[in-house]
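Read off the chains here:
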Amino acid sequence: PSFDDWPELKDLPVIKDGELEIPKRWHMRNDGRHLLDVLRDWRCPPGIKLLTGLLRYNPAARCTAEEALEADYFTTLPAPTPLSLMPTFPTKHNN
């Protein structure tokens, strides 16, 4: 998170007391790829919009459960495959 994205972050006790430091380049630890770069590979704009709304650091900017359930992701084709059409595989352990 950054103070630009979440101004109230500076008011959290762990930040005020210096117990927690916000890294300036946290995504550089992940092979230089930001989470959004990974999501862009997914190539599903409605899904990306839903996930970014759910994963916002700032609780005031995060989408609500109701907003999430009404997201375009759930009505965009292709629709999810019904469970009855999903392949099944035998278990590999003994009962």
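Right, let's walk through the structure included here. In this text the structure is predicted, and so the values were computed from the model without any measurement. (Residues numbered from 1 in each chain as written. Predicted model: local features only at pLDDT ≥ 70, side-chain atom pairs only at ≥ 80, totals over all residues. Heavy atoms only, no water.)

## Observations regarding the overall build of the protein chain
To be explicit about the condition: Starting at the N terminus, helices and strands are each numbered in turn, a helix being any DSSP run of H or I of at least four residues and a strand any DSSP run of E of at least two. Burial status follows relative accessibility: with a 1.4 Å probe on protein chains alone, a residue under 20% of its type maximum counts as buried, one over 50% as exposed, and anything between as partly exposed. Only the protein chains shown count as cover for residues, and the accessible areas themselves come from Shrake-Rupley with a 1.4 Å probe.
Assigned secondary structure in the protein chain consists of 4 helices and 0 strands. Along the protein chain, from the amino end to the carboxyl end, the secondary structure elements read α-α-α-α. Expressed as a percentage of its 95 residues, the buried residues of the protein chain come to 15%. Carbon and sulfur atoms make up 58% of the accessible area of the protein chain, which amounts to about 8,500 Å² in all.

## A closer look at the packing of aromatic side chains
Here is the rule we go by: Aromatic rings from Phe, Tyr and Trp, with only the six-membered ring used for Trp, were paired whenever their centres fell within 6.5 Å, and each pair was classed as stacked if the ring planes differed by under 30 degrees, edge-to-face if by over 60, and tilted otherwise.
Enumeration according to the criterion identifies 1 aromatic pair in this entry. Seen in terms of ring centroids, tyrosine 73 and phenylalanine 74 are 5.3 Å apart; in terms of plane orientation they differ by 75°. Their pairing is edge-to-face. Under the relative-accessibility criterion, phenylalanine 74 is labelled partly exposed at 47%.

## Some thoughts on a nonpolar patch on the surface
To be explicit about the condition: Surface patches are defined over residues having more than 30% relative accessible area and no salt bridge, joining like charges when they lie within 9 Å and nonpolar side chains (Val, Leu, Ile, Met, Phe, Trp, Tyr) when within 5 Å. Salt bridge, as used here, is a side-chain nitrogen of Lys or Arg placed within 4 Å of a carboxyl oxygen of Asp or Glu.
Taken together, the side chains of Trp42, Leu69, Tyr73 and Phe74 make up a nonpolar region of the molecular surface, amounting to roughly 440 Å² of accessible area. Taking the relative accessible area as the measure of exposure, tryptophan 42 reaches 41% and is therefore partly exposed.

## Some points on the environment of lysine 10
Basically, it comes down to this: The contact criterion used throughout is that any non-hydrogen atoms of two residues lie within 4.5 Å. Counting of polar contacts relies on pairs of N or O atoms within 3.5 Å, with two restrictions inside protein: one atom must be capable of donating a hydrogen and the other of accepting it, and residues adjacent in sequence are counted only when both atoms are side-chain atoms.
Position of lysine 10 relative to the elements: it lies in the segment before α1 (13-16). Ignoring sequence-local partners within four residues, the contact set of lysine 10 consists of Phe3, Ile15 and Lys16. A distance of 2.9 Å separates the side chain of lysine 10 from the backbone oxygen of proline 7, its partner in a polar contact.

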